[in-house]
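Structure assessment
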Amino acid sequence: AAVVRDVDVLVVGGGHAGCEAAAAAARSGARTVLVTQRIDTIGEMSCNPSIGGIGKGHLVREVDALDGLMGRVIDEAGIHFRMLNRRKGPAVQGPRAQADRELYRDAMLRELQAYPGLELYEASVEDLVVDEPAEGSAAAAAAAEAGRPVGRACGVITADGSELRARAVVLTTGTFLRGVVHVGRESRPAGRFVSTSEAVEPPSTGLAATLGRLALPLDRLKTGTPPRLSAQSIDFSRLEPQPSEEPPLPFSFLNEGESVAQAANLITCHKTYTNAETHRIVVDSKHTLPAYESGDGKGAGPRYCPSLFSKVERFPEREAHIVWLEPEGLDSDWVYPNGISSAFPPDVQLRLVRSMVGLEGATILKPAYDVEYDYVDPTCLRRTLEVSTVEGLFLAGQIIGTTGYEEAAALGLVAGANAALSCSRGPPLTVGRHQGYIGVLVDDLVTRGTTEPYRMFTSRAEWRLMLRADNADARLTPLGAACGLVGERRLERLREKQAAMQRGLRALRGFALPNAEWAAAGFGVKPNGELRTAEQMLHVPRAELCDVEAAMAAAPHGWRKACPEGASLL
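These figures come from a predicted structure and were not determined experimentally. (Residues numbered from 1 in each chain as written. Predicted model: local features only at pLDDT ≥ 70, side-chain atom pairs only at ≥ 80, totals over all residues. Heavy atoms only, no water.)

Moving on to the overall build of the chain. Helices and strands together make up the secondary structure of the chain, namely 16 helices and 25 strands. For the chain, whose C-alpha radius of gyration is 26 Å, the value lies close to the compact-globule estimate of 25 Å for 570 residues. Overall, the chain is about 80 × 65 × 40 Å in size when its C-alpha atoms are taken along their principal axes. Every one of the 570 residues in the chain was classed for burial, and the buried ones make up 57%. For the chain, long-range pairs separated by at least 24 residues make up 74% of all intrachain contacts whose partners lie at least 6 apart in sequence. By element, 52% of the accessible surface of the chain is carried by carbon and sulfur atoms, the whole surface being about 23600 Å². Computed over 62 positive and 71 negative side-chain charges, the separation of the two mean positions in the chain equals 5 Å. (Helix = DSSP H or I, 4+ residues; strand = E, 2+ residues; numbered from the N terminus. Rg over C-alpha atoms; globule rule 2.2 N^0.38 Å. Buried < 20%, exposed > 50% of the residue type's maximum accessible area, 1.4 Å probe, protein only. Contact = heavy atoms within 4.5 Å. Areas by Shrake-Rupley, 256 points an atom, 1.4 Å probe, with all protein chains shown as cover. Lys, Arg positive; Asp, Glu negative; His and termini not counted. Charge placed at Lys NZ, Arg CZ, Asp CG, Glu CD.)

Structure follows, in structure tokens:
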């Protein structure tokens, strides 16, 4: 085969894992090529047009803290922003944003096209090139006995026979590894449907065969997506609205204290519910569902993002399930009904949709479908996401059993950075469970594996009280800088923020009033003569910083009482 490229790092796949992997590798100084079947689908949101959520929003902030792309791109394309779990403590609050699909895809493509050291290459990857000793040879036996890798990834072969060579390869094939899409009892080989048509993108079968030949542990998983509805056919007047929060809270720390690109164009989502008739149709149509290869014929799908059939089957006592109606763009007629993923035949899907309030006259623009695909048991990986038996081969995203854009992005960043660092022989990027949700994600996968699509929750992190979404930069930006992964602009922004926080902390510690004055200002303390600093007041139940600042402004005589003249306020 003709060698058409010879670089440091090859990234296969242009989904969320691939985008972050390619950018991280290039950011770390590696000459990088991202290979994808179609450049125009880079950054495609194949399922829900949203980013973030509980646990997931933490991952996006951590990716951003390591100078990743997802946070900046959703700030460009977000059209509906909310902080989930606001009534709970800050550790478990999760930022979430609805995106305009086209704006998100276009913004991601622009980022990658302008990225220094990164080239986008359009081709279908058919096989992996691995240098390995001959089977049964003394070298192979010695490597196996010593627990060393028995081969080294050194490139890929494309559909036209071209060879792209590299010192490290990152596979982020998503649902394409021997993928099969199902609609009712009709199935065909594919990785996914093209977003706004009935055309499909072909699966990757050659790569699956090669991974099997390399004795990597393969199994099957399933995921699904709901039908898309026409907004013009929905009676929104009968539905409960959910407006965006204003002002919207940006995801990227680089935009902290500022706004988002579409702040003037924020949309309103709506919600409806399934009902007894919906559930009756689901139960009566069970026989029309696909014959899955995984999950004992039921499909090994995501437990925490279940299909409508799974919800009805698992919770028969529930009379209704929420369905969020989420517009897919500012100028789009397409609506994503979040909560009714299924793979029933199209006629059954239409009956299900029209059984719900506000959707009696709904039109389906594109039917729901499921996709089954091969994945690699992640326990065969090191914490760097390198395959333990194949040097230079890194895996990230759905190929190692996760579900969700955010999990994919986090794993892609780790794999891409470590692929680049392996070329330069630098120390790897590893995040501990105590340092971030990225560390929890990687540790869970490589030590425990998964038999269902893995998604992140705050409950998975035993250090969650320390791992807030709003302190991801303080936790991870210095770690990324030590690996050469973080640019000077972000480092300088963090230094400015930390200096401002220290000034604020000195001010809070340098101001004190008797409890009697705090109580008179409305704070819940006993009205006595005991001095209490402004910092200490923030520990009082229901005391807000803005209220403490107002009390400080109204009582200038409180300054310096907490600290003798000349003593350190730190």
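Moving on, we come to the sheet that holds strand β21 (residues 369-376). Spatially, β11-β10-β21-β14 is the arrangement adopted by the 4 strands of the open sheet, whose pairing is antiparallel. In the strand order of this sheet, the two ends are held by β11 (186-189) and β14 (218-225), each with one partner. Each neighbouring strand pair of the sheet contributes to a mean axis angle of 25 degrees, computed without reference to strand direction. Bridge analysis of β14 against β21 gives 8 bridges, and the strand direction is antiparallel. The partner of K222 across the bridge, within β21, is E372. (Pairing = 2+ DSSP bridges. Axes fitted to C-alpha atoms, helices over the stretch in contact; angles between N-to-C directions.)

What follows is about the confidence of the model for the chain. Reading fine detail from the predicted coordinates is not recommended where pLDDT is low. For the chain, mean pLDDT is 93; residues scoring 70 or higher make up 95% of the total. Contacts of residues 564-570 to residues separated by more than four positions or lying in other chains number 11 contacts, the stretch itself having pLDDT below 50. (pLDDT = per-residue confidence, 0-100.)

Moving on, we get to unusual backbone geometry. Of the consecutive residues E246 and P247, the connecting peptide bond is found in the cis state with omega at 0 degrees. Here R178, not a glycine, exhibits a phi torsion of approximately 55 degrees, which is positive. Within the element layout of this structure, R178 appears in the loop between β9 (163-171) and β10 (180-183). With relative accessibility at 37%, the residue R178 sits in the partly exposed group. Positive phi outside glycine occurs at L385, with the angle close to 75 degrees. Along the chain, L385 turns up in the loop between β21 and β22 (390-391).

All right, on to the pattern of salt bridges then. Considering all chains together, one arrives at 41 salt bridges under this definition. The residue R433 makes a salt bridge to D443 at a minimum N-O spacing of 2.8 Å. In this pair, R433 sits in the loop between α10 (405-424) and α11 (437-448) while D443 sits in helix α11, placing the two residues 10 residues apart along the sequence. In this pair, the class of R433 matches that of D443, namely buried. With a closest N to O distance of 2.9 Å, D473 and K497 form a salt bridge. (Salt bridge = Lys/Arg side-chain N within 4 Å of Asp/Glu carboxyl O.)

Another point: the environment of T158. Position of T158 relative to the elements: it lies in strand β8 (residues 151-158). T158 gets classed as buried once you look at its relative accessible area, which sits at 2%. Residues T158 and L128, 30 residues apart in the sequence, show an inter-C-alpha distance of 9.1 Å. Here the side chain of T158 touches D160 through a polar contact of 2.5 Å, side chain to side chain. (Polar contact = N/O pair within 3.5 Å; in protein donor to acceptor, adjacent residues only side chain to side chain.)

For the pair helix α3 (residues 70-77) and helix α4 (residues 101-113), interaxial distance at closest approach is 9 Å and the crossing angle is 135 degrees. With respect to each other, α3 and α4 are oriented oblique. α3 and α4 meet at a crossing whose hand is right-handed. Contact with α3, carried on its side by M70, R72, V73, I74, E76 and A77, involves L103, Y104, A107, M108, R110 and E111 of α4 and no other residues of that element. Residue classes in the contact of α3 with α4 are distributed as 8 nonpolar, no polar and 4 charged. (Parallel < 35°, antiparallel > 145°, perpendicular 65-115°, else oblique. Left-handed = near helix turned anticlockwise from the far one by under 90°. Nonpolar A, V, L, I, M, F, W, Y, C, P; charged D, E, K, R; others polar.)

On to the side chain of D75. With respect to the secondary-structure elements, D75 resides in helix α3. The side chain of D75 is buried and forms no salt bridge, while R61, the nearest opposite charge, is found at 7.3 Å. In this structure the side chain of D75 is engaged in a polar contact, spanning 2.8 Å, whose partner is the backbone nitrogen of F251. Setting aside anything within four residues of it in sequence, one finds D75 in contact with F81, P250, F251, S252, N255, V260 and A261.

Strand order in the open sheet formed by 6 strands is β16-β17-β18-β19-β15-β20, with antiparallel pairing between adjacent strands. Two strands in the sheet have a free side with no partner beyond their single neighbour: β16 (240-243) and β20 (364-366). Pairwise comparison of adjacent strand axes, ignoring direction, gives a mean angle of 35 degrees for this sheet.

The subject of this paragraph is the packing of aromatic side chains. Tallied over the full model, the rule gives 4 aromatic pairs. Ring geometry for F193 against Y369: centres 4.7 Å apart, planes inclined by 65 degrees, an arrangement best described as edge-to-face. Taken as a pair, F193 in strand β12 (residues 192-193) and Y369 in strand β21 lie far apart in primary sequence, 176 residues in all. Across the pair, exposure class does not vary: F193 and Y369 are buried alike. Linked through ring pairs, F511, W518, F523 and W559 together constitute an aromatic cluster. A cation over a ring is seen here: R61 above F251, with NZ or CZ 6.0 Å from the ring centre. Note that R460 overlies the ring of Y454, its terminal NZ or CZ placed 4.1 Å from the centroid. (Phe/Tyr/Trp six-rings, centres within 6.5 Å; stacked < 30°, edge-to-face > 60°. Lys NZ or Arg CZ within 6 Å of the ring centre and 35° of its normal.)

This next bit is on the nonpolar core. If you look at the biggest cluster of nonpolar residues, it comprises 106 residues, and the most contacted ones within it are V9, Y104, L112 and L393. Once you skip the residues sitting within four places of it in the chain, L393 turns out to touch L128, A153, V169, L171, L211, L385, E386 and V387. In terms of nonpolar packing, the next biggest core, distinct from the first, is built from 20 residues, V282, V335, L352 and A362 among them. (Core = buried A, V, L, I, M, F, W, Y, C linked by side-chain atoms within 4.5 Å.)

Note: α-helices contain 3.6 residues per turn, so residues at a spacing of three or four share the same orientation. Counting buried positions along helix α2 (residues 56-65) gives 10 out of 10 residues, so the element sits mostly inside the fold. Residues of α2 that are buried include every one of K56, G57, H58, L59, V60, R61, E62, V63, D64 and A65, and no others.

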